[in-house]
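# Examination of the molecular architecture
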Amino acid sequence: MLNPENITQEAYETIVKDMGQVARDPNEVANQLREISSVYGYYYGIMIKAKRFLDNSEDALENYKASARTAKRSEGVKLTAVAAEDYVQSLDITRELIEEVRRLKENYGYAKGICNTLEMKKDMLVQLSANSRQESKLYQ
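As the structure is a computational prediction, the values presented were derived from the model and not from experiment.

### Focus: the overall build of the chain
Each helix and strand counted, the chain has four helices and zero strands in total. Along its sequence from the N terminus, the chain presents helices and strands in the succession α-α-α-α. The buried share of the chain, reckoned over its 140 residues, is 28%. Accessible surface, the chain as shown: approximately 9400 Å² in total, 52% of it carbon and sulfur. The distance from the centre of the 20 positive side-chain charges to the centre of the 22 negative ones in the chain is 4 Å.

### Details of helix α2 (residues 26–74)
Given a rise of 1.5 Å per residue, 49 residues ought to cover 72 Å, and the 71 Å separating the end C-alpha atoms of α2 matches this to within 8%. By the largest-angle criterion, I36 marks the main kink of α2, which is about 35°. G76 lies just past α2 and shows a positive phi near 90°.

### Details of the nonpolar core
Within the largest apolar cluster, 24 residues are counted, with the highest numbers of intra-cluster contacts made by L2, Y43 and I114. When residues of this core are traced back to their parent elements, those giving at least two are α1 (9–19), α2 and α4 (92–138). With 10 residues, the top contributor of residues to this core is α4. When near neighbours in sequence (up to four residues on either side) are disregarded, L2 contacts I7, A11, I15, Y42, Y43, I46 and I114.

### Thoughts on the packing of α2 against helix α3 (residues 81–90)
Closest axis-to-axis distance for the α2/α3 pair is 9 Å, and the angle between their directions is 115°. Taken as axis vectors, α2 and α3 run roughly perpendicular relative to one another. Note that α2 runs across α3; the crossing there is right-handed. The segment α2 lies against α3, with K65, A68, R69, K72 and R73 engaging A84, E85, Y87, V88 and Q89. For the contact of α2 with α3, the class distribution of residues is four nonpolar, one polar and five charged.

Here is what the cut-offs are and how they apply
Residues numbered from 1 in each chain as written. Predicted model: local features only at pLDDT ≥ 70, side-chain atom pairs only at ≥ 80, totals over all residues. Heavy atoms only, no water. Helix = DSSP H or I, 4+ residues; strand = E, 2+ residues; numbered from the N terminus. Buried < 20%, exposed > 50% of the residue type's maximum accessible area, 1.4 Å probe, protein only. Areas by Shrake-Rupley, 256 points an atom, 1.4 Å probe, with all protein chains shown as cover. Lys, Arg positive; Asp, Glu negative; His and termini not counted. Charge placed at Lys NZ, Arg CZ, Asp CG, Glu CD. Expected span 1.5 Å × (residues − 1). Bend = angle between axes of the 7 residues up to and from the residue. Core = buried A, V, L, I, M, F, W, Y, C linked by side-chain atoms within 4.5 Å. Contact = heavy atoms within 4.5 Å. Axes fitted to C-alpha atoms, helices over the stretch in contact; angles between N-to-C directions. Parallel < 35°, antiparallel > 145°, perpendicular 65-115°, else oblique. Left-handed = near helix turned anticlockwise from the far one by under 90°. Nonpolar A, V, L, I, M, F, W, Y, C, P; charged D, E, K, R; others polar.

Following this line, the structure appears as C-alpha cells:
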C-alpha cells in the first residue's frame, strides 16, 4: 500500500511505468476501462491525503515563524519586518520545517502525476475502444 506521506521517486516511476501499459486487444481494453475508475479513486485518495499533509506542514511552518517573531519581540527587541524574517529564517527549526514542506510538495506532485497519468490512460483506452468498434463495423 502506498503511503501518501512518503511517496518516493522510485515508487512513482514504477507506478507510472506499470500504468502506462495500454492493452491492444479489444477485450483487454474493455477490462482496463472497467478497472480504471477504482484505480483512479485509490490514487486520488492518496493525492488528497498528500495534499492535506502538505497543507498541515505549511501551516506548521507559518505558525512557527509567527511564534518565533513574537517571542523575539517579547524579549524587547525592536525588529523590522525584514529583520524579523531574517531572524526566523536563520533558525535551524525553520530550515527543517521548510525542508519538510519541500518533501511533502514533492510527494503531492508525485501523487498528482499518478492521477494525471491515469486520466491520460483512460483517454487512450476510450479512443482505442472507439477505434475497435469502428473497425468491427468495417468488417460487417
